[in-house]
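What follows is the residue order along each chain.
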There are 2 protein chains.
Amino acid sequence: MTVPTATPPTASARDRLIDTAIALFNRHGFHATGVDRIVAVAKVAKKTLYAHFPSKEDLILAALSRKRAAFADKFLPVVLAGSEDPRQRLLSLFELAKSWFADPDFYGCIFINAAVEYSEPAHPINACAREFKTLLRNFARDQAAAGGAADPDALADQIALLFEGATTVAQVSGRPDAATTAKDIAARLIDQAFRRQQTNGADTAILSSCE
Amino acid sequence: MTVPTATPPTASARDRLIDTAIALFNRHGFHATGVDRIVAVAKVAKKTLYAHFPSKEDLILAALSRKRAAFADKFLPVVLAGSEDPRQRLLSLFELAKSWFADPDFYGCIFINAAVEYSEPAHPINACAREFKTLLRNFARDQAAAGGAADPDALADQIALLFEGATTVAQVSGRPDAATTAKDIAARLIDQAFRRQQTNGADTAILSSCE
DNA sequence: TTGACCGGAAACCGATCGGTCTCCATTATT
DNA sequence: AATAATGGAGACCGATCGGTTTCCGGTCAA
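Residues numbered from 1 in each chain as written. Chains lettered and ligands numbered in written order. Predicted model: local features only at pLDDT ≥ 70, side-chain atom pairs only at ≥ 80, totals over all residues. Heavy atoms only, no water.

Moving on, we get to the interface of chain A and chain B. Taken residue by residue, the interface counts 36 residues in chain A and 36 residues in chain B. Here chain A and chain B share two salt bridges between them. B:Arg175 is the salt-bridge partner of A:Asp157, the closest N and O atoms lying 2.8 Å from each other. In this structure, the connection of chain A to chain B is made through seven residue pairs in polar contact (both at pLDDT 80 or more). For the side of chain A that touches chain B, the secondary-structure elements that each account for two or more residues are α1 (12-28), α6 (110-117), α7 (124-146), α8 (152-172) and α9 (178-195) of chain A. No other element matches the eleven residues that α8(A) contributes to the side of chain A that touches chain B. Here the residues of the side of chain A that touches chain B are counted per class, giving 15 nonpolar, eleven polar and ten charged. (Contact = heavy atoms within 4.5 Å. Salt bridge = Lys/Arg side-chain N within 4 Å of Asp/Glu carboxyl O. Polar contact = N/O pair within 3.5 Å; in protein donor to acceptor, adjacent residues only side chain to side chain. Helix = DSSP H or I, 4+ residues; strand = E, 2+ residues; numbered from the N terminus. Nonpolar A, V, L, I, M, F, W, Y, C, P; charged D, E, K, R; others polar.)

Right, here's the structure in full:
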């Protein structure tokens, strides 16, 4: 007799469902994307979808969870490996955002979009989106602290606000150059926040670090 | 014989429909708000709705149009009447945003939300949202020019980005204090942009104008 | 070869979607 | 008092929603 597998059927169908769902949710939104369309594009039987996910809401949460994992396990490590300098690390966020916004398949941040469509704070999807935003902010705070900012939390709030602003402007107004606008502002704020800690140091470092 | 009125039936039903639609769209979103719910809350017959608006999409456009009119005809004049100083006028945007975000009925900017749910640039609703965003930016540019900024367009882009960022952070992360964060950044950027034009003037003015 | 099991295709469910239509009470005009 | 126009309540339409179920072909072990 076969051992009853704890994980449902095959895993590739599940992966295909999540990937398809992410793409469709990004482009058309959550309410506007029906499960019929998802299974049709993913070439998966409806029964299989409900074998993996109890409901559409669980599929949405799984899609957001995968996006969050990709951000934490792939995106942030790349940023960390790119430079040792906290200032450069923070600025590279906006540099990467520039190419993100320019992608023809850019339809905004899926977490912002999720929070817009599920705006009740108590809703699991809204909570998931809100929780994700703390990831970026915590990263900014860590880098701000590493750079010696007097108030790392304040700088993190500023960086996060600039990032959200750039994303929203790029999406709503169709202006990918918002990434550059935000980066310029961020550079000034970082310099001001870091300068205070190194008043004894050379001011030339601030100029030379401008790319 | 009665004169055939150019405007359909009574106007109060139309007003109630638009006001109800704005409230429901703001709280629950566009796709999630059905016309049945709108007519039920507005206490209007479905037939009356379709006597005033050819389709739900037209009702959405009418709602957005009313919001835009309120912004241009009520909100901006108040800002203009509040002060003669371009700097204060720009900062008052964020001051007003603070109380906006603190409103328990705050569910984000309805134009951002509309652009999120109707993300195709060619869609009339998306175009309407995108067009609105130029109103705020043009206002900022006019004030930047009046204040003597070297590059009014650049400052306007910065102000607009900060405003969008504050709105998004307040909505997604539930942090009304984002208005203050954005205002502080805006104050610095305005000071820097305006200072260049008055290098011969007293630097004390920069300090004294900080509130 | 047989039989248990799996997943895909698709019918099916009640509910709701946007939109149309019928009926009737109210109202204003003649 | 009779008539015509209005707007409200709500039935009704086909389509689609999220979700369940049936059926059937293929796959694997016994």
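Once that is clear, we can look at the packing of α9(A) against helix α9 (residues 178-195) of chain B. Packed helices, taken two at a time, are described by their axes: the angle between them and the distance between them. Two elements in contact, α9(A) and α9(B), have axes whose closest approach is 12 Å; the angle formed by their N-to-C orientations is 100°. Taken together, the axis directions place α9(A) and α9(B) in an arrangement best described as roughly perpendicular. For the pair formed by α9(A) and α9(B), the contact residues are A:Ile185, A:Arg188, A:Leu189 and A:Gln192 on the first element and B:Ile185, B:Arg188, B:Leu189 and B:Gln192 on the second. (Axes fitted to C-alpha atoms, helices over the stretch in contact; angles between N-to-C directions. Parallel < 35°, antiparallel > 145°, perpendicular 65-115°, else oblique.)

On to the side chain of A:Asn26, then. Locating A:Asn26 in the fold gives a position in helix α1. Contact partners of A:Asn26, with chain neighbours within four places excluded, come to A:Lys67, A:Tyr107, A:Gly108, A:Ile110 and A:Asn113.

Okay, the side chain of B:Ser83 next. Mapping B:Ser83 onto the fold places it in the loop between α4 (56-82) and α5 (86-102). Engagement of the side chain of B:Ser83 in a polar contact is seen with the backbone nitrogen of B:Asp85, the distance being 3.0 Å.

Right, let's talk about the relation of the copies chain A and chain B for a bit. Overlaying chain A with chain B gives an RMSD of 0.0 Å, the required rotation being 180° about an axis along which the chain moves by 0.0 Å. What the rotation and shift describe, once combined, is the action of a two-fold rotation axis. Within chain A, the C-alpha atom positioned nearest to the axis of rotation is that of A:Gly165, 1.7 Å from it. Most of the interface of chain A is mirrored in chain B: 100% of its interface residues are interface residues there too. (Least-squares fit on C-alpha atoms with pLDDT ≥ 70 in both.)

A few words on helix α4 (residues 56-82) of chain A. All names here are of chain A. Over its 27 residues, α4 runs 38 Å from end to end, which matches the ideal 39 Å to within 8%, given 1.5 Å per residue. Remark: the principal bend of α4, roughly 35°, maps to Phe71. The set of residues buried in α4 consists of Leu59, Ile60, Ala62, Ala63, Leu64, Phe71, Leu76 and Val79. If you follow the buried residues of α4, they end up packed against α1, α2 (35-42), α3 (46-52), α5 (86-102), α6 and α7. (Expected span 1.5 Å × (residues − 1). Bend = angle between axes of the 7 residues up to and from the residue. Buried < 20%, exposed > 50% of the residue type's maximum accessible area, 1.4 Å probe, protein only.)

The biggest cluster of nonpolar side chains holds 132 residues, and the ones touching the most others in it are A:Leu64, A:Leu155, A:Leu162, B:Leu64, B:Leu155 and B:Leu162. Composition of this core by domain shows at least three residues from each of domain 1 (1-66) and domain 2 (84-208) of chain B. In this structure, B:Leu155 is in contact with B:Ala144, B:Ala149, B:Leu189, B:Ile190, B:Ala193 and B:Phe194, ignoring residues within four places of it in sequence. (Core = buried A, V, L, I, M, F, W, Y, C linked by side-chain atoms within 4.5 Å. Domains from an automatic or database assignment.)

No statement about biological role is implied by the geometric values presented.
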